[in-house]
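If you want the building blocks of each chain, they are given just below.
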Amino acid sequence: LRIGFGIATGEVVAGYTGTQHRATYTCIGKTVNLAARLEAHTKVAGCEILFDQTTRTSLLDASKTREIADVRLKGFAESVSAFTFA
């Protein structure tokens, strides 16, 4: 069993959608899409965790990370720097 995590840091729109009888909490936005695309790319990159540059900058010890590559992700016009833990 293999699992992948995509982590992106940024603003999202979060809240409940649906009816009073069947409500779901959800998040939408570019950051959510980026995290989902990074999660999907974990299979290609062969890493369990991928995160973006903004998340890397937020880490207390970024020296324990390594850049995978600038990757082209579906839905993004520019390539994204993807990182994992060393």
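These numbers come from a predicted model, not from an experiment.

Visitor: Just to check I follow, could you spell out helix α1 (residues 30-45) for this structure?
Guide: One turn of an α-helix holds 3.6 residues; hence residues three or four places apart share an orientation. In this model α1 runs 22 Å from its N-terminal to its C-terminal C-alpha over 16 residues, within 8% of the 22 Å that 1.5 Å per residue would give. Every buried residue of α1 is accounted for by Thr31, Leu34, Ala35, Leu38, His41 and Thr42. Count one or two residues on from α1 and you reach glycine 46, which has phi positive near 75°.

Visitor: Would you take a moment to explain the layout of surface pockets for this structure?
Guide: Over the atoms rolls a probe the size of a water molecule, and in doing so it shows where empty space is left. When its volume is computed, the largest pocket comes out at roughly 170 Å³. Lining the largest pocket are Ala8, Thr9, Lys30, Thr31, Leu34, Asp52, Gln53, Thr54, Phe76 and Val80. Of all elements in the fold, only α1 and α2 (53-58) reach the threshold of two or more residues within the lining of the largest pocket. Top element by residues in the lining of the largest pocket is α1. It accounts for three residues. Here the residues of the lining of the largest pocket are counted per class, giving four nonpolar, four polar and two charged.

Parameters and conventions
Residues numbered from 1 in each chain as written. Predicted model: local features only at pLDDT ≥ 70, side-chain atom pairs only at ≥ 80, totals over all residues. Heavy atoms only, no water. Helix = DSSP H or I, 4+ residues; strand = E, 2+ residues; numbered from the N terminus. Expected span 1.5 Å × (residues − 1). Buried < 20%, exposed > 50% of the residue type's maximum accessible area, 1.4 Å probe, protein only. 1 Å grid on protein atoms, 1.4 Å probe; cavity = no way out; pocket = protein on both sides within 12 Å on 5 of 7 lines; lining within 4 Å. Points joined across faces, edges and corners; volume = space filled by probe spheres on them. Nonpolar A, V, L, I, M, F, W, Y, C, P; charged D, E, K, R; others polar.

None of this, on its own, says anything about what the molecule does.
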